[in-house]
Amino acid sequence: MAGHIVGYPRMGPKRELKFALESFWDGKSTAEDLQKVAADLRSSIWKQMADAGIKYIPSNTFSYYDQVLDTTAMLGAVPPRYGWNSGEIGFDIYFSMARGNASLPAMEMTKWFDTNYHFIVPELGPDTKFSYASHKAVSEYKEAKALGIETVPVVIGPVSYLLFSKPAKGVEKSFSPLSLLGKVLPVYKEVLAELKAAGALQIQFDEPALVLDLGSHQLQAFTEAYSELESSFSGLHVLVQTYFADVPEAAYKTITSLNGVTGFGFDLVRGSKTLDLIKSGFPSGKHLFAGVVDGRNIWANDLASSLCTLKDLEAIVGKGKVVVSTSCSLMHAPVDLVNETKLDNEIKSWLAFATQKVVEVNALARALAGDKDEAFFSANAAAQSSRKSSPRVTNQEVQKAAAALRGSDHRRATNVTARLDAQQKKLNLPILPTTTIGSFPQTMDLRRARREYKANKISEEEYVNAMREEISKVVKLQEELDIDVLVHGEPERNDMVEYFGEQLSGITFTVNGWVQSYGSRCVKPPIIFGDVSRPKPMTVFWSSMAQSMTSRPMKAMLTGPVTILNWSFVRNDQPRFETCYQIALAIKNEVEDLEAAGIQVIQIDEAALREGLPLRKSEQAFYLDWAVHSFRITNCGVQDTTQIHTHMCYSNFNDIIHSIIDMDADVITIENSRSDEKLLSVFREGVKYGAGIGPGVYDIHSPRIPSTEEIADRINKMLAVLEMNILWVNPDCGLKTRKYAEVKPALTNMVEAAKLLRKQLASAK
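What comes next is a walk through the structure. Starting from 1, residues in each chain are numbered consecutively following that chain's sequence as written. Note on the predicted model: pLDDT of at least 70 is required for a residue's local features to be given, and 80 or more for side-chain atom pairs to be given and counted; whole-chain, interface and lining totals, by contrast, use all residues. Think of the side-chain values as coming from all heavy atoms in the structure, minus any hydrogens and water.

### A look at the sheet that holds strand β17 (residues 527-533)
Alright, step 1. Spatial strand order, β14-β17-β19: three strands in an open sheet with mixed pairing. Both outer strands of the open sheet, β14 (505-508) and β19 (569-570), are each paired with one neighbouring strand and no more.
Alright, step 2. Each pair of strands is called paired provided DSSP finds at least two bridges between the two strands. The secondary structure listing takes helices from DSSP runs of H or I that are at least 4 residues long and strands from runs of E that are at least 2 residues long, numbered from the N terminus. Alignment of β17 against β19, held across two bridges, turns out to be parallel. Residue pairing in the sheet places Ile528 in a bridge with Val570 of β19.
Alright, step 3. Note on contacts: a residue pair qualifies if any of its non-hydrogen atoms lie within 4.5 Å across the two residues. Between the N-to-C directions of two axes lies an angle of 0 to 180 degrees, each axis being a line fitted to C-alpha atoms and, for a helix, fitted only over the stretch in contact. Lying on the sheet, helix α22 (residues 576-596) is in contact with β17 and β19; it crosses β17 at an angle near 55 degrees.

In structure tokens form, the structure reads like this:
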């Protein structure tokens, strides 16, 4: 009887790590304080899994920031700008790479596959020197061992690590980090030797790149790497773990014939086709780590169905050779359902968070070994059936309205050039108009007011007055800074998805269902359990209030349907696109109410459009088709003079630029500053874009304040590839996480830079 957990959330049940990190970064606590919180979290996680009967317990899945960054530290692959030469990498270098510091920018951050987690992208070049510079994997293994718990140290495999890397600044763009394979393997050998010396019996290499569409030379690199490491594997059980999608046939053949590897882990939730590959052949004597418990969603496992799958697999692979596992790390799920005291009991019975998933894995492993907990299985069956038949899940009207959408493609009647002309007549903006993405800093007072209102400690009137005061302050500040298109600052909102989730039917939310997004930042995804509709207007009151305070255009802020979908835990009993169309109709109602209330600029954020892109190329066109259609549904009914903006975050847009154009927004603002202007190369390569565009001119994820000259330089780079009459000037993202002491000077410099260039452009004429 063997259960295996691929990885586990590291923030803690009450976000203990988040608060410890932020306290340390603010200089309010010491490195020792931070390490103590981390050690307590790790030991409680290991003990919990040991008590639940899990055999394969992971270690080294804990991280102070990001597991890819941990691997960069392990390999000593520190970009030269951080001034590290040798020795064990400490917090100063580690956090400088993650967050930047007063004089240096951070490394690039991008999405981890199609999740809402971000990783720090390694920067490599032909001269990168690798050396064993962080012994974290070994020290955490020893730490667990000292508690009497045998763990499986987890490291990101060498090939995936290199495939996630990018050429460092100044290195030829054509440079392939994979060419460094021979240089990183000696460090991996040192890690293996030290783990064995510490008594480790197994190791897990995460090689998630195997689920991507890889070329033959990339697959060949796996064969070479594991052949080279084989001599270091003696005495160890070696698991190669994949997750997030099907493993393509060529990759399946490659992975299952790797030398010295004794077990293979597959995601059988998102990788249902991998089942067919296993059925057509699996190497004899090897272990199959069967990921049947979903690590990325919060629905209780259908235990009876999973047990059938596991028995089928056992018939192919052999008795005792199937290990029950999670489909991926549980870091993408909240920690513990026990902390949800306000969740409705019926819905709660349908759910399982990380702690509950550990119990499910063990129950399935025991059942497969012939020791089935009948009471546990029958309670699970009852919950499954209550979810299927609950009247709260289905709304016939919504189903009908969504089904009716398929016939039309929902486009605005006029093309974007004509619309921009009509909007300009009405809005009368200067060239290079300035705006921000929506949110302004969320102060302690604001958070307290929201908390107290929720807890009925202050009246609605007191709450509205507190918000009005804040909105007025933000409007005045923007007028003083001379920003052209204003925002109300979103003081009433907790999170861009949660805020809407709380006001839509068919969606519920948690109190402690936090999931790490990056570093110490956590999000609390809503749970879409049924058909979605909008009972009443959600933002019109606040946007109208803000517009009444100024004669400048006030931009209303909405979150788009695809982002609400991709940043929520989505029901798994109907196709995702059906749920997305339902949300699109709800947002469409809101857009039309805003327009009727006199709001002339409406931003519908689709920050997560790109991250929902399936990992398999063959499935991408279908997704982009319904995702872009959902966005168009939201605003196809507005007048030409109403300007529709959208915003997108961390994304490599080059491959989906045509879909972005097809969204047909009037203005799109895009995260750009940390991506090294990669975005602009699309336009350099001749893609014609006629709508307004605002590539972010500075990085809001870093406390650094850019100078006027630096921002002007950035805008000039944009003007080299974009027409001046379509270019907007804005930060990368919302300002919610920053402090006013950073926001004011940065925005002052941004507006100054725009004015400076307007002067230069006018005199050049």
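### Some words on the nonpolar core
Alright, step 1. Counting residues in each nonpolar core, the largest one holds 108 residues, and the members touching the most others are Phe440, Ile602, Tyr698, Ile715 and Leu747.
Alright, step 2. It is α22 that provides the largest number of residues to this core, a total of ten residues.
Alright, step 3. Apart from residues lying up to four places away in sequence, Leu747 is in contact with Thr436, Phe440, Leu481, Ile483, Tyr698, Pro731 and Leu735.
Alright, step 4. By nonpolar core is meant a set of buried Ala, Val, Leu, Ile, Met, Phe, Trp, Tyr and Cys residues that side-chain atoms within 4.5 Å join together. For every residue, the accessible area (1.4 Å probe, protein chains only) is compared with the maximum for its type, and the residue is labelled buried under 20%, exposed over 50%, or partly exposed between those bounds. Counting 104 residues, the second largest nonpolar core, distinct from the first, contains Ile45, Met74, Val121 and Cys328.

### Focus on the side chain of Asn566
Alright, step 1. Inspection of the secondary structure assignment puts Asn566 in helix α21 (residues 561-566).
Alright, step 2. A 3.5 Å cut-off defines polar contacts: any pair of N or O atoms within that distance qualifies, except that in protein one atom must be a possible hydrogen donor and the other a possible acceptor, and neighbouring residues in sequence count only when both atoms are side-chain atoms. Here Arg576 takes part through its side chain, which lies 2.9 Å from a polar atom of the side chain of Asn566.
Alright, step 3. Once you skip the residues sitting within four places of it in the chain, Asn566 turns out to touch Arg576, Ala608, Leu609, Glu611, Gly612 and Tyr623.

### Details of the sheet that holds strand β13 (residues 486-487)
Alright, step 1. Reading across from one edge, β13-β18-β20-β21-β22-β23 is the order of the six strands in this open sheet, with parallel pairing throughout. Two strands bound the open sheet, and with one partner strand each, they are β13 and β23 (692-695).
Alright, step 2. Here four bridges tie strand β22 (residues 667-670) to β23, and the two strands are oriented parallel to one another. Paired with Thr669 across the strands is Gly694, a residue of β23.

### Some points on the environment of Asp605
Alright, step 1. Along the chain, Asp605 turns up in strand β20 (residues 601-605).
Alright, step 2. Look at Asp605 and you get buried, because its relative accessible area is 7%.
Alright, step 3. Each C-alpha atom, one on Asp605 and one on Asn259, is 47 Å from the other, the two residues being 346 residues apart in sequence.
Alright, step 4. Setting aside its immediate chain neighbours within four residues, Asp605 contacts Met496, Met557, Leu558, Thr559, Gly560, Thr563, Thr646 and His647.

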